[in-house]
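What the coordinates show
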Amino acid sequence: MAVQPTRIGLAGLAVMGQNLALNIAEKGFPISVYNRTTSKVDETVERAKKEGNLPLYGFHDPESFVKSIQKPRVIIMLVKAGAPVDQTIKTLSAYLEKGDCIVDGGNEWYENTERREKAVAENGFLYLGMGVSGGEEGARNGPSMMPGGSLEAYKNIEDIVLKVAAQVRDSGPCVTYIGKGGSGNFVKMVHNGIEYGDMQLIAEAYDVLKSVGKLSNEELHSVFTDWNKGELESFLIEITADIFGIKDDKGDGHLVDKVLDKTGMKGTGKWTVQQAAELSVPAPTIESSLDARFLSGLKDERVQAAKVFKAGGFGDILTDQTVDKKQLIDDVRKALYASKICSYAQGMNLIRAKSMEKGWGLKLGELARIWKGGCIIRAIFLDRIKQAYDRNAELANLLVDPEFAKEIIERQSAWRRVVCLAINSGISTPGMSASLAYFDSYRRERLPANLVQAQRDYFGAHTYERTDVEGSFHTEWFKIARQSKI
Ligand code: 6PG
């Protein structure tokens, strides 16, 4: 029991909630914690004792929990998105007072946050939807945080989040007030879409190196360790290197080879793709990463299809090329980097499109800054993105930033070699191929879209514009084509 009112409260003590509460307490902010299943409260209090007698106080009932917090109260919820959030708000609201703030730290759909912000405002409460990235470890030691909603509510927790967030040398804490409404959740959602893209591209690099280059897990471990010292340095490359070093504790060989090839998902990547379609923003790399997860789920069908197409061959059987391992590793690194630029360009453009639609005024460079540490997509590369937007905040696409354009041009031969080799070997690289197609379409002054427009006008009188004269035109294509033959 706290003698003095605590500075903040946290409700929802699954691992993320526990770790964030401990992190807050460790930064010197006395915190009250609550969970419906009370054993979680006791578990967290125990951990607080063990991890250095941290100022964390547990409560078994919502009323004493809420009343233990100093006013205006700030309560972070870390419960499952959707109905559990509504339920928690309802429980807490019974004891909250005007001016108190509720912060949802989960992966929530942004419109739910906007609905709740309006609903709780009727009682005079303030609301924030705060994306938190970094998994369990990040929550405990410094996540990246994306709070959006009431600015007044943000001001009430600013001192806390600035200390609790990951700290990056030269660029500060990985948190900033994102913007109004559900912008914090939206930005976190796109972060996750980019995360899907990154993971897929890494998986493709692995597949090409393993299936074509015949690299062993030991070699993959050293390649990824090496990549993590250069332009690809990032959390996801680092953990990938670790994965290749882990032996199976239930048998021979490496654990990665025993993991079933079916990727799960909780939904944020799917929302990202749905939003890209909704806003007409091309995001083929992120989309292909989602499709790759769907295809991975068809394991039984794939096993059958592999039998049907066995005679079609696979891998080096299809190519008569001998592969120079060293060259392949270098090419794949370059292909991965160039593809990554495309993927981030798509994610950033999606955020900008939504920001314009909603009038959020989001600053893309600032988002790249707060993703530099703490979150799953943290990478040295984000600094380059921040610099690109610092050079030109209105940049139409990261691809045309002079630095990125130069990097892509330098890597394009390698990128094309990897995609061609994969295609010729029957190994799918949907992310790298989609990225390359995105780049090749984006840089093309004239696309074959003229033909599609002509077809649309032909069968549906949908009209077309001309390259030489302003206006909207329709041609009786059928009549002209067929009559001229009569
Ligand atoms: C993070 C992660 C986190 C979650 C992933 C998993 O930023 O810390 O993104 O939010 O672990 O989103 O997502 P899937 O289950 O959809 O792969």
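Right above here is the structure, for reference.
The structure presented is a predicted model; accordingly, all values stated were derived computationally and were not measured.

The rules behind these values
- Residues numbered from 1 in each chain as written.
- Predicted model: local features only at pLDDT ≥ 70, side-chain atom pairs only at ≥ 80, totals over all residues.
- Heavy atoms only, no water.
- Salt bridge = Lys/Arg side-chain N within 4 Å of Asp/Glu carboxyl O.
- Helix = DSSP H or I, 4+ residues; strand = E, 2+ residues; numbered from the N terminus.
- Buried < 20%, exposed > 50% of the residue type's maximum accessible area, 1.4 Å probe, protein only.
- Near = heavy atom within 4 Å.
- Polar contact = N/O pair within 3.5 Å; in protein donor to acceptor, adjacent residues only side chain to side chain.
- Areas by Shrake-Rupley, 256 points an atom, 1.4 Å probe, with all protein chains shown as cover.
- Nonpolar A, V, L, I, M, F, W, Y, C, P; charged D, E, K, R; others polar.
- Phe/Tyr/Trp six-rings, centres within 6.5 Å; stacked < 30°, edge-to-face > 60°.
- Pairing = 2+ DSSP bridges.
- Axes fitted to C-alpha atoms, helices over the stretch in contact; angles between N-to-C directions.
- Contact = heavy atoms within 4.5 Å.
- Right-handed = clockwise from strand over helix to strand, strands pointing away.
- Core = buried A, V, L, I, M, F, W, Y, C linked by side-chain atoms within 4.5 Å.

Topic: the pattern of salt bridges
Within the structure shown, the criterion is met by 39 salt bridges. Asp86 is paired through a salt bridge with Arg116; the nearest N and O atoms lie 2.8 Å apart. Linking Asp86 in helix α4 (residues 83-93) with Arg116 in helix α5 (residues 110-121), this pair joins segments that are 30 residues apart in sequence. Asp86 gets classed as partly exposed once you look at its relative accessible area, which sits at 30%.

Some words on the site of the ligand
Lining the immediate surroundings of the ligand are 14 residues, of which Asn107, Ser133, Glu195, Tyr196 and Lys266 lie closest. A distance of 2.9 Å separates an oxygen atom of the ligand from a polar backbone atom of Gly134. Relative to its unbound accessible area of 410 Å², the ligand is 80% covered by the protein chains. It is helix α8 (residues 183-212) that contributes the most residues to the shell around the ligand, five residues altogether. When its residues are assigned to classes, the shell around the ligand shows three nonpolar, seven polar and four charged.

What about unusual backbone geometry?
Pro72 follows Lys71 through a cis peptide bond whose omega is -10 degrees. Its place among the elements puts Pro72 in the loop between α3 (62-67) and β4 (74-77). Despite not being glycine, Lys214 has its phi angle at roughly 60 degrees, a positive value. If you trace the backbone, Lys214 turns up in the loop between α8 and α9 (217-227). For Ser280, which is not a glycine, the phi torsion comes out positive at approximately 55 degrees. Mapped onto the elements, Ser280 comes out in the loop between α11 (268-278) and α12 (284-297).

Section: the packing of aromatic side chains
Counted by the stated rule, this structure contains 18 aromatic pairs. Clustering of aromatic rings is evident, with ring pairs tying together Trp109, Tyr110, Phe186, Trp271 and Trp360.

With respect to the sheet that holds strand β3 (residues 56-59)
Strand order in the open sheet formed by seven strands is β3-β2-β1-β4-β5-β6-β7, and the pairing between neighbours is mixed. Across the chains shown, the open sheet's two edge strands, defined by having one partner strand only, are β3 and β7 (144-149). Strand-to-strand twist of the sheet, defined as the mean angle between neighbouring strand axes without regard to direction, takes the value 25 degrees. Sheet topology places β4 next to strand β5 (residues 101-104); four bridges connect them, and they run parallel. Directly across from Val74, in β5, lies its bridge partner Cys101. Contacts from helix α7 (residues 151-164) reach β1 (8-11), β4, β5, β6 (126-133) and β7, with the element oriented near 30 degrees to β6.

Considerations on the pairing of β6
Of all eight residues in β6, eight are buried, a share of seventy percent or more. Burial along β6 is two-sided: Leu126, Leu128, Met130 and Val132 and Tyr127, Gly129, Gly131 and Ser133, pointing in opposite directions, are all buried. Relative to β6, β5 runs parallel, the two being bridged by four bridges. Bridge pairing in β6 links Val103 to Leu128. In this region the chain leaves β5, passes through α5 and returns to the parallel neighbour β6; the handedness of that crossover is right-handed. Both β6 and β7 contribute to a ladder of six bridges, which runs antiparallel. The residue of β7 that forms the bridge with Val132 is Met145.

Focus: the nonpolar core
Membership of the largest hydrophobic core comes to 82 residues, with the highest contact counts inside it found for Trp227, Trp371, Ile385 and Leu398. Of the residues forming this core, the biggest block, 13 residues, is contributed by helix α14 (residues 325-358). Setting aside its immediate chain neighbours within four residues, Trp227 contacts Ala205, Leu209, Leu232, Glu233, Ile237, Ile329, Val332, Arg333 and Leu336. Counting 34 residues, the second-largest nonpolar core is a separate cluster that includes Ala25, Met145, Ile157 and Val161.

Some words on the environment of Gly134
Along the chain, the position of Gly134 falls in the loop between β6 and α6 (135-141). Separated by 240 residues in the primary sequence, Gly134 and Gly374 have C-alpha atoms spaced 5.3 Å apart. Once residues within four sequence positions are removed from consideration, Gly134 is found in contact with Ala139, Gly374, Cys375 and Ile376.

Honestly, that's just the spatial picture; any functional story needs more than this.
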